[in-house]
Amino acid sequence: MKKFLTVLVFCVFVLGLNAQDAKEIIRKMDDKLQGNSNESVMQMAIVRPKYTRTIEFKNWSLGRDYFMTIVTAPAKDKGQVFMKFKNEIWSYNPSINRMIKLPPSMMSQGWMGSDYTNDDLVKQSSMVDDYRHTIVGEETIEGRLCYIIEMIPNDNANVVWGKVKVYVDKVLYISMKSEYFDEEEYLVRTELGKDVKTFDGRELPSIIEIIPAEEPDNKTIITIKSMDFDVDVKGSFFSQQNMKRIR
Amino acid sequence: MIASISWKNVWRNKTRSAVVIVAVTLGTVAGVFVAGLMNGWVAQRINATIYTEMGHLKIQNPNFLVNEETQYSIKPIKDLTAYLDNAEEVDAYSKRSKIMAVAATARANTGIMLKGINVENEKQVSDVYTKLMPNAGTFFESKSRFPQVVISNKTAEMLRIKNYRISEKVMDSLKILEIPQDGMAKLESIANKRFITKKKFETAINETWTKSEIESYAPVLIKTAAYFQPRAKITFSFTRTNGEIGYQTFQVCGVFKTANTMFDQMSAFVKNEDLYAVAGLNANQFHEISIVTKSTDFKDIKAFQSKLSKAFPEQNFMTWKELAPDAGMLSDFMQIYYYIIMGIIFFALAFGIINTMLMAILERIKELGMLMAIGMKKLQVFAMIMLETVFLTLTGSFIGMLIGGVLISITSKTGLNFSSVEEGFEAIGWSAIVYPNIELSFFFGVTILVIIVAILSSIIPARKALKLKPIEALRIE
């Protein structure tokens, strides 16, 4: 009986530890990318079978609730501003001088025509809270040893995926690969992290590739040009007035 | 006396009369059957409009008609429901909260109207619950920890929840359907693979099967291999009453399919208790009340409508004819349309009848001269020829109506299947399987029409006969 109890306690302990660990790893990964506030310059290439479109933009973010993006190239889209506030996205288009709040109907459309949806931008912070995490193994990706963490959405979470598998670097806590599955556990989308570089003292993959599983000819490649953490932006920076002002 | 002479005259040249009778018979059969077909179709469409989609009367907040926003609910809801509970005109009614939402799965998304219902009330008003697809769940009968949603076949296709897979079970049922061994063996290469759209599945079949195999077996294969993802979940996003975006995930509980793709595409049903709180509504806020009245007579519905709008002037009341003007127009116009079809057919036949009667007159000039010479009056001659025409045409049309009626009563049981063009029909809301039917009054109408046509077409031959002079006519050899 005593032996059984010991085993039981041990099991609970190990399993609990494992679950805790996995959640902790995801949290660390999430924090690493986020910082308290950051400012970054990125380039996004939207690859389609017949053409490739490149967009450059500058981002500011504060905590998890505030996020602002201004498109800087190409000239056609230059000056477009997107602001995220909690779970709303506002968009300002200078060429028509209009400020709109994106309605639910636009939330699941691709952002600027990419494979990233507006919803991804709004909801990405729930990686930690909306899933149950388990470590299911390890694998080497791009020469880096990674934990494989399986994330199953909680019952009450509003997540479209059936399962998400994240490959997190054991040392740096950065996501090298994420695989998104549907309810029947078929692969829908893969996100790859490549070419780890140091930005403002943090090592991050400088290239993120998003590949829809059913259309392998379509891709979105995001390249981080520069990224600074804990920069000086205040909550007041994220206002509708400022959306019209920033350059 | 004259009538009996006319009747005998019809059968003097049997072949010639038979030709006209057969022509009239065929014309009548065609006309009656087409009218029956159209009538059955229209009746089905109107039935679906009322008993599946709309109800006889619908109550809405007038603002909701302009802008389908969540905050525009029906206002004095308690008074209104109390009124409806006591009104003797009402058979049943169902309250629904309606929220325009975007449905998203891992692969696709689409706009949809979420309808929060009370399952029992809804069943009394709308027969959607009888239109469930086979092997695709129930209408809120299964228990689940999740909030449940019933979506349409079309929505399932659009959200990529309807997939195609040749599983072992499918293979077994295909074997029963006498698909040759050869074709079955070829399918092994794509067996147990999942295809998320019909198009992709068709492409895969095209690659493995030959043309003749595709032509004879592909539709069956596609039908048997289709399945709905078990326990599929859909995340709906919508604007809450306070303007924020709300999210709620529902598990698919059943899949329905009506004959109207437009209705299917826009409708998803959930239990109101799962919906109102996440949408920021309270349990007593509804956007529409659909009423089925006891009397199906449109005059009574109209009277009830004006009674209601006097009692509750701030709400909007619409009859099914206003809600679905196309169906309303059809129900008013169709009767005239059938008579137009019959009229055109008989107009064409009239030329044949005139020709035959002219021939009959020319053949009998001497005889007509004799009749006039022994004292038959002009009116009697005219009546004889006219009656001869009427008998000739009526015989044909009676046989025609009989055959047409029998055809309609047979097909009204078996139904006529137009499933090869199903998609096109259902896109405009018409059922692909038609059950023709026609009212008895239509046959009376046709009989009167036939008599009129016969009288009109007898004028020329009769005039010809009346112009004969007895002396001259008698001399003709």
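Just so we're clear, the structure is a prediction, and the values are computed from it rather than from any experiment. (Residues numbered from 1 in each chain as written. Chains lettered and ligands numbered in written order. Predicted model: local features only at pLDDT ≥ 70, side-chain atom pairs only at ≥ 80, totals over all residues.)

What follows concerns the overall build of chain B. Broken down by element type, chain B carries 20 helices and 15 strands. Relative to a compact globule of 477 residues, whose C-alpha radius of gyration would be 23 Å, chain B shows 32 Å and is clearly more extended. Principal-axis analysis of the C-alpha atoms places the extent of chain B at approximately 100 × 70 × 30 Å. Buried positions account for 39% of the 477 residues belonging to chain B. For chain B, long-range pairs separated by at least 24 residues make up 81% of all intrachain contacts whose partners lie at least 6 apart in sequence. (Helix = DSSP H or I, 4+ residues; strand = E, 2+ residues; numbered from the N terminus. Rg over C-alpha atoms; globule rule 2.2 N^0.38 Å. Buried ≥ 20, exposed ≤ 12 C-beta atoms within 10 Å, placed from the backbone. Contact = placed C-beta atoms within 7 Å.)

Counting its secondary structure elements, chain A contains 4 helices and 13 strands. The long-range fraction of contacts in chain A, counting pairs at least 24 apart against all pairs at least 6 apart in sequence, stands at 43%.

What follows deals with the packing of helix α15 (residues 325-363) of chain B against helix α19 (residues 440-467) of chain B. Residues and elements named next belong to chain B. It is at 9 Å that the axes of α15 and α19 come closest, and there the two elements cross at 30°. Here α15 lies roughly parallel to α19, going by the angle between them. Considering only the axes of α15 and α19, their crossing is right-handed. The residue inventory of the contact of α15 with α19, partitioned by class, reads 19 nonpolar, 4 polar and 1 charged. (Axes fitted to C-alpha atoms, helices over the stretch in contact; angles between N-to-C directions. Parallel < 35°, antiparallel > 145°, perpendicular 65-115°, else oblique. Left-handed = near helix turned anticlockwise from the far one by under 90°. Nonpolar A, V, L, I, M, F, W, Y, C, P; charged D, E, K, R; others polar.)

The next point concerns the interface of chain B and chain A. Contacts between chain B and chain A engage 24 residues on the former and 19 residues on the latter. Mapped onto the side of chain B that touches chain A, the elements with two or more residues apiece are β2 (90-104), β3 (109-117), β9 (233-239) and β10 (245-256) of chain B. Considered class by class, the residues forming the side of chain B that touches chain A number 10 nonpolar, 9 polar and 5 charged.

Residues and elements named next belong to chain B. An order of β7-β6-β8 is seen for the 3 strands of this open sheet, with the pairing classed as antiparallel. Pairing within the sheet leaves two strands with one partner each, and these edge strands are β7 (194-195) and β8 (226-228). Pairing analysis gives 2 bridges linking strand β6 (residues 162-165) to β7, with the strands arranged antiparallel. Looking at β7, one finds that Arg165 is bridged to Arg194. (Pairing = 2+ DSSP bridges.)

Once that is clear, we can look at the domain arrangement of chain B. Domain annotation of chain B identifies domain 1 (2-48 + 327-475), domain 2 (57-125 + 232-295) and domain 3 (162-228). Between domain 1 of chain B and domain 3 of chain B, the C-alpha centre-to-centre distance is 51 Å. (Domains from an automatic or database assignment.)

Along helix α10 (residues 211-225) of chain B, the sharpest change in direction is near 60° and occurs at Tyr217(B); proline Pro219(B) comes one to four residues later. Tucked into the core, α10(B) has its buried residues touching β6, α7 (168-176), α8 (181-187), α9 (198-208) and β8 of chain B. (Bend = angle between axes of the 7 residues up to and from the residue.)

In the predicted model, chain B carries a mean pLDDT of 87, and 100% of its residues have values of at least 70. Among the prediction metrics, the complex's ipTM stands at 0.72, with pTM recorded as 0.77. (pLDDT = per-residue confidence, 0-100.)

Attention now goes to the packing of α9(B) against α10(B). Residue and element names in this part refer to chain B. Packing of α9 against α10 brings their axes to within 11 Å, and their N-to-C directions diverge by 140°. In terms of orientation, α9 lies oblique with respect to α10. Every pair of crossing elements has a handedness; the one defined by α9 and α10 is right-handed. Side by side, α9 and α10 meet where Lys198, Phe201, Ile205 and Asn206 of the first sit next to Ile214, Ala218, Leu221, Ile222 and Ala225 of the second.

So, about the environment of Thr203(B). Residues and elements named next belong to chain B. Looking at the secondary structure, you find Thr203 in helix α9. Judged by the 11 C-beta atoms lying within 10 Å of it, Thr203 is exposed. Taking the C-alpha atoms as reference points, Thr203 and Phe146, 57 residues apart in sequence, are found 36 Å from one another.

Turning our eyes to something else, we now look at the pairing of strand β1 (residues 37-47) of chain A. Residues and elements named next belong to chain A. One ladder, built from 11 bridges, connects β1 with strand β2 (residues 52-62); its direction is antiparallel. Within β2, the residue paired with Ser40 across the bridge is Asn59. Taking the residues that link successive antiparallel strands as the turn, the β1-β2 hairpin has 4 residues. Judged from the 10 bridges that link them, β1 and strand β13 (residues 219-229) form a sheet pairing that is antiparallel. What sits directly across from Ile46, in β13, is Thr220.

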